[in-house]
Amino acid sequence: MSDHDSPTRSEHPVVSGLLALVGVGLAVGLFLGVTVLIGTHVLGLGDSSATSASTGGQSMYLPRPEKTQRASGPLITLGSDASQAPSETASAQPTEQPSKTKAPKKQISLSAGQTAVAPMEQIDLTGVYPGGEGAILQVQRFTSGSWQDFPVTVSVSDETFSTYVQTSQGGVNRFRVVDTDTGLESNEIRVTVG
């Protein structure tokens, strides 16, 4: 047999290159597919039995609210008077228990981080809303003799809230917040813009 009778690889280099490329592509694809399959099995992804086992059949459960006993020890109130000694506050005993038939009135306390700002400068509004967890508060500004909604709302989280407003309206601006569900209004704050 002579060298010219049998086809060799050198006669079809393009076909040989394409076959090699397809072979490498198949090998890499097979390797990646097996790796992903093993990874999902190890992580428990896509396996409904592994998912239900790992969550333990969890569901949201909220217990019914129950009345708690009133504290019998000394009650401590943190006041706004910083000069009061802590020992005076701790030793103070309540003289009269509030009536059990009347619930304490909720109040929204609003404060501003600035008392005077330039036009369109940020005015930081913060506050406390005891018992108002999750409430949505609408910021309002006193304009033309009545309270008007300002295009800012804020939600209450951990009984506190924080947002900011900006205005170019010069002079003294009066702001407050209102609970959109109950209509409860906060105190009014004043900020001079100019």
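Here the structure is shown first, and the text comes after it.
Residues numbered from 1 in each chain as written. Predicted model: local features only at pLDDT ≥ 70, side-chain atom pairs only at ≥ 80, totals over all residues. Heavy atoms only, no water.

What follows deals with the pairing of strand β3 (residues 123-128). Residue alternation in β3 divides its side chains into a buried set, Ile123, Leu125 and Gly127, and an unburied set, Asp124, Thr126 and Val128. Note that strand β1 (residues 109-112) and β3 share 4 bridges and pair antiparallel. Bridge pairing in β3 places leucine 110 opposite glycine 127. (Buried < 20%, exposed > 50% of the residue type's maximum accessible area, 1.4 Å probe, protein only. Helix = DSSP H or I, 4+ residues; strand = E, 2+ residues; numbered from the N terminus. Pairing = 2+ DSSP bridges.)

Turning our eyes to something else, we now look at the pattern of salt bridges. Should the charged atoms of two oppositely charged side chains come close, the side chains can pair. Overall, the coordinates contain 3 salt bridges when judged by the stated rule. Measuring nitrogen to oxygen at the nearest pair gives 2.8 Å for the salt bridge that ties arginine 174 to glutamate 188. Pair noted here: arginine 174 is in strand β7 (residues 171-179) and glutamate 188 is in the loop between β7 and β8 (189-193), with a separation of 14 residues, a long-range link. Arginine 174 gets classed as partly exposed once you look at its relative accessible area, which sits at 22%. For glutamate 188, a relative accessible area of 30% translates into the label partly exposed. Glutamate 188 is the partner of arginine 190 in a salt bridge, and the nearest nitrogen-oxygen pair spans 3.0 Å. Counted as one network, the salt bridges with shared partners bring together Arg174, Glu188 and Arg190. (Salt bridge = Lys/Arg side-chain N within 4 Å of Asp/Glu carboxyl O.)

Strands in a sheet are paired, the pairing made by backbone hydrogen bonds, and the direction either parallel or antiparallel. One open sheet accounts for 5 strands, arranged β2-β8-β7-β4-β5; its pairing is mixed. The strands lining the two open edges of the sheet, one partner per strand, are β2 (116-117) and β5 (146-155).

The next subject is unusual backbone geometry. The residue methionine 120 is not glycine, and still its phi comes out positive at about 65°. By the element assignment, methionine 120 lies in the loop between β2 and β3. Unusually for a residue other than glycine, glutamate 159 sits at a positive phi of about 60°. Tracing the sequence through the fold places glutamate 159 in the loop between β5 and β6 (160-165).

To continue, consider the sheet that holds β6. Ordered by their spatial adjacency, 3 strands build an open sheet running β1-β3-β6, and the pairing between neighbours is antiparallel. Among the strands making up the open sheet, the edge pair consists of β1 and β6. The average angle at which neighbouring strand axes cross in this sheet is 20°, direction not considered. Bridging between β3 and β6 involves 6 bridges; their strand directions are antiparallel. In the strand pairing of β6, glycine 127 is matched with phenylalanine 161. (Axes fitted to C-alpha atoms, helices over the stretch in contact; angles between N-to-C directions.)

Take a nonpolar patch on the surface next. A surface patch of nonpolar side chains, about 640 Å² in accessible area, is lined by Leu30, Val34, Ile38, Val42, Leu43 and Leu45. Relative to the elements of secondary structure, leucine 30 occurs in helix α1 (residues 13-43). Given the relative accessible area of 61%, leucine 30 is considered exposed. (Patch = residues over 30% accessible without salt bridge, like charges linked within 9 Å, V, L, I, M, F, W, Y side chains within 5 Å. Areas by Shrake-Rupley, 256 points an atom, 1.4 Å probe, with all protein chains shown as cover.)

A separate point is α1. Under the 1.5 Å per step criterion, the end-to-end length of α1 is 45 Å for 31 residues, consistent within 8% with the ideal 45 Å. In terms of residue burial, α1 counts as a barely covered element, since only 0 of its 31 residues are buried. Note on α1: the residue one or two positions beyond its end, glycine 44, has a positive phi of about 80°. (Expected span 1.5 Å × (residues − 1).)

Here we take up the packing of aromatic side chains. Tallied over the full model, the rule gives 2 aromatic pairs. Their ring planes at 70° and their centres at 5.3 Å tell us that phenylalanine 142 and tryptophan 147 sit as a pair that is edge-to-face. Given the relative accessible area of 27%, phenylalanine 142 is considered partly exposed. Between phenylalanine 150 and phenylalanine 175 the ring centres are 5.6 Å apart and the planes differ by 90°, which places this aromatic pair in the edge-to-face class. (Phe/Tyr/Trp six-rings, centres within 6.5 Å; stacked < 30°, edge-to-face > 60°.)

Turning our attention to the nonpolar core. Counting 20 residues, the largest nonpolar core has Ile123, Leu137, Val139, Phe161 and Val165 as the members making the most contacts within it. Contributing elements (two or more residues each) for this core: β3, β4 (136-143), β5, β6, β7 and β8. The residues contacting isoleucine 123, other than those within four sequence positions of it, are Gln114, Val117, Thr163, Tyr164, Val165, Thr167, Phe175, Val191 and Val193. (Core = buried A, V, L, I, M, F, W, Y, C linked by side-chain atoms within 4.5 Å. Contact = heavy atoms within 4.5 Å.)

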